[in-house]
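Spelled out, the chains give:
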Amino acid sequence: MNRTRVMTQRLDRIPAPLNPKSKFNGITRPVLIVLMMISRQAARDGIIPAAPSVSIPRQESVRHDSDHDEGEDVVAPRQVEALYRAVPGQWAIMVPLAACRLPLAAWCQLRRGECLGLQRRDIERHDDGSATLHVRRQLNANTGDYTDTRSDAGKRSLTIPKLMTARLKQHLADNVTAEAKAPVVPASVRAGDRG
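Cut-off values and rules
- Residues numbered from 1 in each chain as written.
- Predicted model: local features only at pLDDT ≥ 70, side-chain atom pairs only at ≥ 80, totals over all residues.
- Heavy atoms only, no water.
- Buried < 20%, exposed > 50% of the residue type's maximum accessible area, 1.4 Å probe, protein only.
- Helix = DSSP H or I, 4+ residues; strand = E, 2+ residues; numbered from the N terminus.
- Contact = heavy atoms within 4.5 Å.
- Salt bridge = Lys/Arg side-chain N within 4 Å of Asp/Glu carboxyl O.
- Polar contact = N/O pair within 3.5 Å; in protein donor to acceptor, adjacent residues only side chain to side chain.
- Pairing = 2+ DSSP bridges.
- Axes fitted to C-alpha atoms, helices over the stretch in contact; angles between N-to-C directions.

1. Things to note about helix 3 (residues 77-86)
Piece 1. All of the buried residues along helix 3 are Gln79, Val80, Glu81 and Tyr84.
Piece 2. Buried residues in helix 3 make contact with helix 4 (89-92), helix 5 (94-98) and helix 7 (162-175).

2. Let's talk about the pattern of salt bridges
Piece 1. Tallying each qualifying case throughout the model produces five salt bridges.
Piece 2. A salt bridge links glutamate 114 to arginine 156, with the nearest nitrogen and oxygen atoms 2.9 Å apart. You can see glutamate 114 sitting in helix 6 (residues 112-117) and its partner arginine 156 sitting in strand 5 (residues 156-159), a full 42 residues away along the chain.
Piece 3. Given the relative accessible area of 1%, glutamate 114 is considered buried.
Piece 4. A relative accessible area of 23% places arginine 156 in the partly exposed class.
Piece 5. Linking aspartate 122 and arginine 137 is a salt bridge whose minimum nitrogen-to-oxygen distance equals 2.5 Å. Separated by 15 residues along the polypeptide, aspartate 122 in the loop between helix 6 and strand 1 (123-125) and arginine 137 in the loop between strand 2 (131-135) and strand 3 (138-139) bring together distant segments of the chain. With respect to class, aspartate 122 is no different from arginine 137; both count as buried.

3. Describing the side chain of threonine 8
Piece 1. Considering the arrangement of structural elements, one finds threonine 8 in helix 1 (residues 3-12).
Piece 2. Ignoring sequence-local partners within four residues, the contact set of threonine 8 consists of Thr28 and Leu32.

4. Focus on the side chain of aspartate 122
Piece 1. By relative accessible area, aspartate 122 is classed as buried at 0%.
Piece 2. In this structure the side chain of aspartate 122 is engaged in a polar contact, spanning 2.5 Å, whose partner is the side chain of arginine 137.
Piece 3. With residues near it in sequence (within four places) discarded, aspartate 122 still touches Gly117, Thr132, Leu133, His134, Arg136 and Arg137.

5. Digging into the sheet that holds strand 2
Piece 1. Taken together, three strands build an open sheet; the order of strands is 1-2-5 and the sheet is antiparallel. Two strands in the sheet have a free side with no partner beyond their single neighbour: strand 1 and strand 5. When the angles between neighbouring strand axes are averaged without regard to direction, this sheet yields 25°.
Piece 2. Here strand 1 runs beside strand 2; their pairing, made up of three bridges, is antiparallel. Across the sheet, the residue bridging to isoleucine 123 is leucine 133, located in strand 2.

Below, the structure is given as structure tokens:
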């Protein structure tokens, strides 16, 4: 058994910090992604001959049916709300945009790069007060450039949950410049310099 597999099994046994009963701990996948990125860079830099194969577990989409037990969630909705209130204003909107392993009706479940790739023009407001979020690109953490989503399926449109519409509107007013390509999650306060 290779070292990565042993490490993965050890990581999988760590209980979720906020909810030990959860099936998912929110630890294994991010650690393996970082390991894969470090390994690839080490191979590119000639530190190691080749990057080892790192098997990243698929992030399963969570669907809540009538048998769903909220006690199994990695994070409870009240904890997401507490985190939202604790994060500085210009970045707080990332918490509900990226919240995952929670009821899909409450948050958007975007990946970090997708959150950072959002621009003002990606938010479509409707006459009835609802809104749609169009995921069209992501911000590449390695290059700092906008790139396509990981797959064609990654390009999608999501109904913004009612819980978020007023918050998103306020966030845009307080933190995002008026340009269509202004980033929804600015690099700095009132920054429109990534577009």
